[in-house]
Amino acid sequence: TGKYHQNKLNEEGYKKSIEYYNQALALDPNYALAYVGIGGAYVNAAEWYLPTREAMPKVQIAAQKALELDESLADAHALMTTYENWYGWDWAIGEKEVKRAIELDPNTGHGAYAWHLSINGRGDEAIKEMENEQDLNPLNLGNKSDLVQLYLRGGKTDKALEQARKTVELDQNYAIGYQVLGEALARKQMFPEAVASCEKARSLDNSAELIGYCGYVYALAGNKEKALKAVNELQGLFTKEYAPAYFVAMVYAGLGDKDKAFEWLEKAIINRTSSLLKVEIPFENLRGDPRFKDLLKRMNLPE
């Protein structure tokens, strides 16, 4: 039941899944998979519904606890890689852990490895791993929307659009499906359709990521007023100190305001919420700037 709610990838789902995993641990405190589930739920919440600095240390604690109980648990090693991908930024540990996960269970860890590869600029390898993950878990909507994003970052826009349309056909209440469809449509410069898709996503959920990507699409579509409204919404989430800076930067990049984008990316680096910076499409227009190279260096990423 915990896994079912976790896979919904929305605010209610992550909260309910943690409740069910904790109920399982009350019955069996040595149930390592429940700790993996709790860690995964906090991954889903980070920067969407909770400040990353609040959520991600809990992911590390859950992964460590699971590994203490069962070192041979592939899912726990994969969770440790997910922690490094999104917060720890020790890329050597991340690669070591996910390779251990796949060694223990060839059906586990491909999604975590895909993101590790993508973050490090190894796009073709990342797509291959996520396609493996989708083949192994064909009904997992998260894998499908992740693959859309990896296709987009790899320049495979038509494949991304096809995949996104299939994803929303599978579940018309899956907000992230409409978000990635909006991203793909925007990349094709189909802005009215992209805006409509983003607004459909926001009618289903209201995470920081959805607000940020919709704001970016508004910016590309030339609607500065709605883009800045998204910025104001983002600044009102969490606390002023932990506003979802990465997504604010994304909107400003879409508006072509490089100085504001870098101002917010600086905050994102401090709060460790900028893992995809090297490959994120909204930041393409920033990559030639020396400030961008400095940010990558501070994330332990090559230029």
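None of the values given here were measured: they were computed from a predicted structure.

### Describing the overall build of the chain
A tally of regular secondary structure across the chain gives 17 helices and 0 strands. At 18 Å, the chain has a C-alpha radius of gyration in line with the 19 Å of a compact globule built from 303 residues. With the principal axes as the frame, the chain shows a C-alpha extent of 55 × 40 × 35 Å. Put simply, the chain has 303 residues, and 56% of those count as buried. Taking the intrachain contacts of the chain between residues at least 6 apart in sequence as the baseline, contacts between residues at least 24 apart amount to 57%. A total accessible area of about 13300 Å² is found for the chain, and carbon and sulfur atoms account for 48% of it. The average position of the 36 basic charges and that of the 44 acidic charges among the side chains of the chain differ by 4 Å.

### Some words on the packing of helix α9 (residues 141–153) against helix α10 (residues 157–170)
Where α9 meets α10, the closest approach of the two axes is 8 Å, and the angle between their N-to-C directions is 160°. As the angle between them shows, α9 and α10 are arranged roughly antiparallel. For the pair α9 and α10, the sense of crossing is left-handed. Contacts between α9 and α10 pair L141, K144, S145, L147, V148, Y151 and L152 from the former with T157, K159, A160, Q163, A164, T167 and L170 from the latter. Per-class residue counts for the contact of α9 with α10 are 8 nonpolar, 4 polar and 2 charged.

### Brief notes about the pattern of salt bridges
Oppositely charged side chains can form a pair if their charged atoms are brought close together. Tallying each qualifying case throughout the model produces 15 salt bridges. One salt bridge in this structure joins E280 and R153, with 2.7 Å as the shortest N-O distance. Taken together, the positions of E280 in the loop between α16 (258–270) and α17 (290–298) and R153 in helix α9 put the pair 127 residues apart, joining distant regions of the chain. Accessibility assignment for this pair places E280 and R153 in one class, buried. Of the charged contacts, one joins E233 and R202 as a salt bridge, the two residues approaching to 2.7 Å between their closest N and O atoms.

### Points about unusual backbone geometry
In this structure, W89 is a non-glycine residue whose phi angle is positive, near 60°. With respect to the element layout, W89 can be found in the loop between α5 (74–88) and α6 (91–104).

### Re the packing of aromatic side chains
Counted under the stated rule, the structure contains 5 aromatic pairs. Of the aromatic side chains, those joined through ring pairs into one cluster are Y213, Y246, F247 and F283.

### Concerning the side chain of Q134
Mapping Q134 onto the fold places it in helix α8 (residues 123–136). Since its relative accessible area comes to 13%, Q134 is described here as buried. One polar contact links Q134 to Q163, side chain to side chain, over a distance of 2.7 Å. For Q134, the contacting residues outside a window of four places in its chain are N143, K144, L147 and Q163.

### Concerning the environment of A227
Inspection of the secondary structure assignment puts A227 in helix α14 (residues 224–235). C-alpha separation for the pair A227 and V217, spaced 10 residues apart in sequence, amounts to 7.9 Å. What A227 contacts, discounting residues up to four positions off in sequence, is G215, Y218, A219, V251 and L255.

### Comments concerning the side chain of S197
Structurally, S197 is set in helix α12 (residues 191–204). Side-chain polar atoms of S197 contact the backbone oxygen of Y178, separated by 2.7 Å. Those residues within four positions of S197 in sequence are excluded, and the remaining contacts are Y178, L181, G182 and L185.

### Some thoughts on the nonpolar core
Ranked by internal contacts, the top residues of the largest apolar core, which has 77 residues, are Y246, L265, L277 and F283. Not counting chain neighbours up to four residues away, the residues in contact with L277 comprise Y246, L265, F283, R287, F292, L295, L296 and M299.

Each value, and the rule that gives it
- Residues numbered from 1 in each chain as written.
- Predicted model: local features only at pLDDT ≥ 70, side-chain atom pairs only at ≥ 80, totals over all residues.
- Heavy atoms only, no water.
- Helix = DSSP H or I, 4+ residues; strand = E, 2+ residues; numbered from the N terminus.
- Rg over C-alpha atoms; globule rule 2.2 N^0.38 Å.
- Buried < 20%, exposed > 50% of the residue type's maximum accessible area, 1.4 Å probe, protein only.
- Contact = heavy atoms within 4.5 Å.
- Areas by Shrake-Rupley, 256 points an atom, 1.4 Å probe, with all protein chains shown as cover.
- Lys, Arg positive; Asp, Glu negative; His and termini not counted.
- Charge placed at Lys NZ, Arg CZ, Asp CG, Glu CD.
- Axes fitted to C-alpha atoms, helices over the stretch in contact; angles between N-to-C directions.
- Parallel < 35°, antiparallel > 145°, perpendicular 65-115°, else oblique.
- Left-handed = near helix turned anticlockwise from the far one by under 90°.
- Nonpolar A, V, L, I, M, F, W, Y, C, P; charged D, E, K, R; others polar.
- Salt bridge = Lys/Arg side-chain N within 4 Å of Asp/Glu carboxyl O.
- Phe/Tyr/Trp six-rings, centres within 6.5 Å; stacked < 30°, edge-to-face > 60°.
- Polar contact = N/O pair within 3.5 Å; in protein donor to acceptor, adjacent residues only side chain to side chain.
- Core = buried A, V, L, I, M, F, W, Y, C linked by side-chain atoms within 4.5 Å.

Take it as geometry only, folks, not as evidence of what the structure does.
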